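Here are the chains, one letter per residue:
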Amino acid sequence: MIDFSELALSPNASRAARNFLGLSQAQAAEKSNLPAHKLKRFETGNYVPDAQFLDDLREFYEGEGYDFHDKDTPGAKAKLRGDVFPAGVVGKTASATGETDGSPSENQGKPARPIASKLHHIRIDPSLNDKQIDAIFECIEDNETSLTAALERKLSRGVLFSTSIDATAQAQQIAIQKLLAENGLLFAKLLGRAPVAVPDGDPIKLAADAKTHGELLQAAMADVQRATVHDDKEAQARRKGRAEPVEVLHALVG
């Protein structure tokens, strides 16, 4: 149980404010200039973001005209107890006494019960800075969105009555598996355990010149690492401009 009344903002309050303002999660993130992946994970109730994010999100909602009706300064009790850490604010497992689920100014919010949640903490590689960490999580979220759409795509067959899928469908399947591999690599990067090197050069040429499976894997995983960890604008542009693959090599390194 997490007592979200000890935070600057609770998941319930965030959802209520956002819905009152008529904003989707993506719209709220874009308008507030805050990471969309943090807002999405926070509103599930099983993730406690850093204190600065919660302060900024609350300030954004209030700036848009939403009234939270708080009697006390949010997070004040937590700060006095020393429950504020660099990675965020964690409340004690107690009954909520002051959490409000949010409401418009003409409708006072009611105290809500604490939300039951299991929090699993991981140690993120200290060599990664905040911008790199946000870029990695945003890339993971984008890949998951792409995966959801790709998994619903119908398989195409090579010839009439054939049981074999055609080359385009094979390429699409490899592209799906590449997205899964990228997310696995990105999570490994967060833990400081990613074994795949980032070679110099164009990924397509690197793949064409590869002599081992390891070199081919490095070519396939080069751009996702350049785009997130190294903030490579060209790699970011290539990833955004990726077309639907029609052949295997294109799916692997495109």
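Since the structure is predicted, the reported quantities are computational estimates derived from the model, not experimental observations. (Residues numbered from 1 in each chain as written. Predicted model: local features only at pLDDT ≥ 70, side-chain atom pairs only at ≥ 80, totals over all residues. Heavy atoms only, no water.)

(A) Region of the structure containing the overall build of the chain. Helix and strand counts for the chain come out as 11 helices and 2 strands. Mapped in sequence order, the helices and strands of the chain form the string α-α-α-α-α-β-β-α-α-α-α-α-α. In the chain, which comprises 254 residues, the proportion classed as buried is 40%. Within the chain, residue pairs in contact and separated by at least 24 positions form 68% of the contacts whose partners lie at least 6 positions apart. Carbon and sulfur atoms form 54% of the exposed surface of the chain, whose accessible area is close to 14600 Å². (Helix = DSSP H or I, 4+ residues; strand = E, 2+ residues; numbered from the N terminus. Buried < 20%, exposed > 50% of the residue type's maximum accessible area, 1.4 Å probe, protein only. Contact = heavy atoms within 4.5 Å. Areas by Shrake-Rupley, 256 points an atom, 1.4 Å probe, with all protein chains shown as cover.)

(B) Broad picture of the confidence of the model for the chain. Put simply, the chain has an average pLDDT of 78, and 75% of its residues get 70 or more. Counting interchain partners and residues more than four positions distant, the pLDDT-below-50 stretch residues 74–101 has 67 contacts. Considering only residues more than four positions removed or in separate chains, one finds that residues 105–117, a stretch of pLDDT under 50, has 34 contacts. (pLDDT = per-residue confidence, 0-100.)

(C) Main features of the environment of Leu249. One can find Leu249 in helix α11 (residues 248–253). The exposure class of Leu249 is partly exposed, given its relative accessible area of 32%. For the pair Leu249 and Ala208, spaced 41 residues apart in sequence, the C-alpha to C-alpha distance is 8.6 Å.

(D) Focus on the pattern of salt bridges. Overall, the coordinates contain 15 salt bridges when judged by the stated rule. The salt bridge involving Asp50 is made with Lys38; its shortest N-O contact spans 2.6 Å. Taken together, the residues Asp50 in the loop between α3 (36–43) and α4 (51–63) and Lys38 in helix α3 connect sequence positions 12 residues apart. Owing to a relative accessible area of 12%, Lys38 belongs among the buried residues under this scheme. Several salt bridges converge on common partners, so that one network encompasses Lys178, Glu182, Arg239 and Arg242. (Salt bridge = Lys/Arg side-chain N within 4 Å of Asp/Glu carboxyl O.)

(E) Region of the structure containing the side chain of Gln172. Assignment of secondary structure puts Gln172 in helix α7 (residues 167–191). Among the residues examined, Gln172 registers a relative accessible area of 13% and is labelled buried. In contact with Gln172, other than residues within four places in its own chain, are Arg153, Glu244 and Pro245.

(F) Just helix α1 (residues 11–20), in detail. Looking at α1, one finds that the buried residues are Pro11, Ala13, Ser14, Ala17 and Arg18. Buried residues along α1 cover an arc of 160° about the axis, so they all sit on one side. Those residues of α1 that are buried lie in contact with α2 (25–32), α3 and α4. With its phi angle positive at about 70°, Gly22 sits one or two positions after the end of α1. (Arc of directions from axis to C-beta.)

(G) Representation of the packing of α7 against helix α9 (residues 213–228) within the structure. Contact pair α7 / α9: the axes reach a minimum separation of 10 Å and the direction vectors enclose 50°. Classified by the angle between their axes, α7 and α9 sit oblique to one another. The interaxial crossing formed by α7 with α9 has right-handed handedness. Here Lys178, Ala181, Glu182, Leu185, Leu186 and Lys189 of α7 come into contact with α9, specifically with Ala220, Met221, Val224, Gln225 and Thr228. (Axes fitted to C-alpha atoms, helices over the stretch in contact; angles between N-to-C directions. Parallel < 35°, antiparallel > 145°, perpendicular 65-115°, else oblique. Left-handed = near helix turned anticlockwise from the far one by under 90°.)

(H) Here's a closer look at the packing of aromatic side chains. Using the criterion set out here, one finds 4 aromatic pairs in the structure. When the ring of Phe60 is compared with that of Tyr61, the centres are 5.5 Å apart and the planes differ by 50°; the resulting orientation is tilted. For the pair formed by Phe60 and Tyr61, the shared burial category is buried. Seen from their ring centres, Tyr61 and Phe68 are 6.4 Å apart, and the 55° between their planes marks the pair as tilted. Residues Tyr61 and Phe68 agree in their burial class; the two are buried. (Phe/Tyr/Trp six-rings, centres within 6.5 Å; stacked < 30°, edge-to-face > 60°.)

(I) Structural context of the nonpolar core. Membership of the largest hydrophobic core comes to 19 residues, with the highest contact counts inside it found for Leu9, Leu54, Leu57, Tyr61 and Phe68. Secondary-structure elements contributing two or more residues to this core are α1, α3 and α4. No other element matches α4, which puts 5 residues into this core. Excluding anything up to four places from it in sequence, Leu57 contacts Leu9, Ser14, Leu34, Leu39 and Phe42. Ile136, Ile140, Ala207 and Val253 belong to the second largest nonpolar core, which has 17 residues in total. (Core = buried A, V, L, I, M, F, W, Y, C linked by side-chain atoms within 4.5 Å.)

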